Amino acid sequence: MGHGAEVPADQALCLADVERAAAAALPADVWDFVAGGSGAETTLDANRTALDRVFLVPRVLTDVSRCSTEATLLGRPVPMPVAVAPVAYQRLVHPEGESAAARAAKAAGVPFTVSTLSTVPIEDITAIGGTVWFQLYWLRDAARCLELVRRAEDAGCQAIMLTVDVPWMGRRVRDMRNRFALPDHVRAAHVGTGSTAHHQHAGGSAVAVHTGRAFSSATTWSSLAALRQRTRLPLVLKGVLAAEDARRAAESGVDAVVVSNHGGRQLDGAVPSIAALPEVAAAAGDGCEVLFDSGVRSGTDVLRALALGASGVLVGRPLIWGLAAAGEAGARRVLDLLADELRDALGLSGCDGVAAAGRLRTFAPA
């Protein structure tokens, strides 16, 4: 966490302020579930370290008097190149859960990604309005997967995001030590948890046990082909770190890839997402959009990702911090801060808009 005194989320001047407010608001085991990574949390920490080592080379004597953060994501205009990442079980941190976060996203004009493990049904989220994407985990029951895709289409979702880096849940030691289990009122709306995720398991996380039973560890390129054939919606592949996988995804008709190590929550020791971004962006080519995820904590981080080849970013944990600290208003504060910081960073780097950010040079000290 950042340093300094706790301030109310609605008075936050940076996302670290919101993080502190959330940590103070949540029970210790829930905070560990939100904040923790896998293993020794090497990749969790490295995401932040690697971003901080990306320095931008500003340009001067450019007219930034009308500096704009407007962009497009998946072909649709957005007020800034940011989407809300899929995050499971949001009623853990606030009674309204995904509904409050989705309202905040709608107010900010950015896409909201509803998780397979959402505690609020897809239909309730799309009824709020705004742009909604649906994130899919490939389940052991493949027919159930395709049923969820159809349900997302019928509800009005505008993209399907397949997460491909979770054959099972990474070893999240904090949750294992806490023997973390979901409280009874927190239930997955699309995938029944039964009692598995709600009863403590000796020496482990109940959520991890449920995931292991529900998710398929045999997801392959054939699974992707079946999904591509099933839906006409834009298809996004989340969890890509290798250039070879990005190239094959583009060849398979994927519309966008998300460069992500799951926020340091899957393979501990995986490359920081920002380090993988340039090669993935080059391999994906012009026909496949590249989004960035894992560790975004400021508008400057958004600019770093744009400069290294991304067309936009996903933001996950900070929205959960805002939700935990102050509900919908806290989540909206997070998005407002990112918009303000991005405009500031663009202008100070000599960019009059998002397109110019892709031409900035970066410097990484040896």
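Just so you know, these numbers come straight off a predicted model, no measurement behind them.

What follows concerns the overall build of the chain. Scanning the chain from terminus to terminus reveals 14 helices and 12 strands. For the chain, the C-alpha radius of gyration of 19 Å lies close to 21 Å, the compact-globule estimate for 366 residues. Once the C-alpha set of the chain is aligned to its principal axes, its extents read approximately 60 × 50 × 45 Å. In the chain, which comprises 366 residues, the proportion classed as buried is 55%. Sequence separation of 24 or more characterises 70% of the internal contacts of the chain that already satisfy a separation of 6 or more. When the accessible surface of the chain is summed, it comes to about 15,000 Å², and 51% of that surface belongs to carbon and sulfur atoms. With 35 positive and 38 negative side-chain charges, the chain shows a spacing of 3 Å between the two charge centroids.

Residues Ile 160 and Leu 162 point to one face of strand β7 (residues 160–163) and Met 161 and Thr 163 to the other, with burial holding for every one of them. Bridge count between strand β6 (residues 132–137) and β7: 4 bridges; the pairing is parallel. Looking at the pairing, Gln 135 lines up with Met 161 of β7. With respect to chirality, the unit in which β6 leads through helix α6 (residues 142–155) into the neighbouring parallel β7 is right-handed.

What follows deals with the pairing of β6. With 6 of 6 residues buried, β6 lies mostly within the body of the structure. Burial along β6 is two-sided: Val 132, Phe 134 and Leu 136 and Trp 133, Gln 135 and Tyr 137, pointing in opposite directions, are all buried. The pairing of strand β5 (residues 112–114) with β6 spans 3 bridges and is parallel. Each bridged residue has a counterpart across the sheet, and for Phe 112 the counterpart in β6 is Val 132.

Parameters and conventions
- Residues numbered from 1 in each chain as written.
- Predicted model: local features only at pLDDT ≥ 70, side-chain atom pairs only at ≥ 80, totals over all residues.
- Heavy atoms only, no water.
- Helix = DSSP H or I, 4+ residues; strand = E, 2+ residues; numbered from the N terminus.
- Rg over C-alpha atoms; globule rule 2.2 N^0.38 Å.
- Buried < 20%, exposed > 50% of the residue type's maximum accessible area, 1.4 Å probe, protein only.
- Contact = heavy atoms within 4.5 Å.
- Areas by Shrake-Rupley, 256 points an atom, 1.4 Å probe, with all protein chains shown as cover.
- Lys, Arg positive; Asp, Glu negative; His and termini not counted.
- Charge placed at Lys NZ, Arg CZ, Asp CG, Glu CD.
- Pairing = 2+ DSSP bridges.
- Right-handed = clockwise from strand over helix to strand, strands pointing away.

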